[in-house]
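# Report on the structure
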Amino acid sequence: MDDVSTTAQTAPETAANGIVSASAIPADELARLTDDIVSALKTVYDPEIPADIYELGLVYRIDIEDDRSVKIDMTLTAPGCPVAGEMPGWVENAVGAVEGVSGVEVKMTFDPPWTPDRMSEEAQVAVGWY
């Protein structure tokens, strides 16, 4: 998903690739961490839909702090989702296993509510909506 916000904290710097990074973490390490965190998120699946939570558009924001802790804002497909109590732990475990991550905090939100238009084409294909 291209609309997920990934940020790091502190004064902004412009990396060689033109991406503005607000981090004391070196740009190459920040890029690796970001890629590895996204890969980890793609291992977590909604048990009712055959697609991972990242491609479903359930991840709204990923913040990588200077101490390499990660804060994730995410939602569920519905507030009454049967795995609402378990999903944050799955995400914490997956992202916490990424090399270099010092800790993970997952915040669930339903504002804005999830809608199917947040799904990537890959997820739409997986669920037969494309």
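Heads up: these notes are all about the structure in this document. Numbering of residues begins from 1 in every chain and follows the order in which that chain's sequence is written. With pLDDT at 70 or above as the cut-off, local features in this predicted model cover only qualifying residues; side-chain atom pairs require 80 or more to be listed or tallied, and sums for whole chains, interfaces and linings still use all residues. To obtain the side-chain values, all non-hydrogen atoms of the structure were included, while hydrogens and water were left out.

## Considering the overall build of the protein chain
- Only runs of H or I of at least four residues qualify as helices and only runs of E of at least two qualify as strands under DSSP, and these elements are numbered from the N terminus. Regarding its fold elements, the protein chain presents three helices and six strands.
- Start at the N end of the protein chain and walk to the C end: the helices and strands fall as β-β-β-α-β-β-α-β-α.
- The buried share of the protein chain, taken over its 130 residues, is 42%.
- For the protein chain, restricting intrachain contacts to residue pairs at least 6 apart in sequence, the fraction spanning at least 24 positions comes to 61%. Remark: exposure states derive from per-residue accessible area (1.4 Å probe, protein chains only) relative to the maximum for the residue type, with buried under 20%, exposed over 50%, and partly exposed in between. Here, two residues are considered to be in contact whenever any of their heavy atoms come within 4.5 Å of each other.

## Some remarks on the nonpolar core
- Residue types Ala, Val, Leu, Ile, Met, Phe, Trp, Tyr and Cys, when buried and joined through side-chain atoms within 4.5 Å, form a set referred to as a nonpolar core. Ranked by size, the top nonpolar core spans 34 residues in total, and within it Ile37, Leu41, Ile53, Ile62, Val91 and Val95 carry the most contacts.
- For this core, the secondary-structure elements that each account for two or more residues are α1 (27-41), β4 (59-64), β5 (69-74) and α2 (87-96).
- With six residues, the single largest contributor to this core is α1.

## Section: the environment of Ser120
- Mapped onto the elements, Ser120 comes out in the loop between β6 (103-108) and α3 (121-126).
- Classification of Ser120 as buried rests on a relative accessible area of 12%.
- Measuring from C-alpha to C-alpha, the distance between Ser120 and Leu56 comes to 6.4 Å, with 64 residues separating the pair along the chain.
- Identification of polar contacts relies on pairs of N or O atoms within 3.5 Å, with a donor-acceptor requirement for protein atoms, meaning one able to donate a hydrogen and the other able to accept it, and with residues adjacent in sequence counted only if both atoms are side-chain atoms. Within polar-contact distance, the side chain of Ser120 engages the side chain of Glu55 at 2.4 Å.

## Focus: the pattern of salt bridges
- Salt bridges are identified by distance alone: a Lys or Arg side-chain nitrogen within 4 Å of an Asp or Glu carboxyl oxygen. Counting across every chain of the model gives four salt bridges.
- Of the charged contacts in the structure, one is a salt bridge between Arg61 and Asp63, with a shortest N-O distance of 3.1 Å.

## Some words on the environment of Leu33
- Among the structural elements, Leu33 can be located in helix α1.
- Among the residues examined, Leu33 registers a relative accessible area of 1% and is labelled buried.
- When the C-alpha positions of Leu33 and Glu99 are compared, they lie 7.9 Å apart, and in sequence the two are 66 residues distant.
- Once residues lying within four places of it in the same chain are set aside, the contact partners of Leu33 are Ile25, Ile64, Arg68, Val98, Glu99, Gly100 and Val101.

## Section: the packing of α1 against α2
- Each axis is a line fitted through C-alpha atoms, and for a helix only the stretch in contact is used; angles between axes span 0 to 180 degrees, taken between their N-to-C directions. Two numbers describe how α1 lies on α2: the axes approach to 8 Å, and their chain directions differ by 140°. When the axes of α1 and α2 are compared, the pair comes out oblique. In this structure, the crossing between α1 and α2 has a hand that is right-handed. Each of Ile37, Ala40 and Leu41 in α1 lies in contact with α2, whose residues at this interface are Val91, Ala94 and Val95.
- For the contact of α1 with α2, the class distribution of residues is six nonpolar, no polar and no charged. Here the word oblique covers every angle except those under 35 degrees (roughly parallel), over 145 (roughly antiparallel) and from 65 to 115 (roughly perpendicular). Note: crossing handedness is left-handed where the near helix turns anticlockwise from the far helix by less than a right angle, and right-handed where it turns clockwise. Residue classes follow a fixed rule: Ala, Val, Leu, Ile, Met, Phe, Trp, Tyr, Cys and Pro count as nonpolar, while Asp, Glu, Lys and Arg count as charged, and any other residue, Gly among them, counts as polar.

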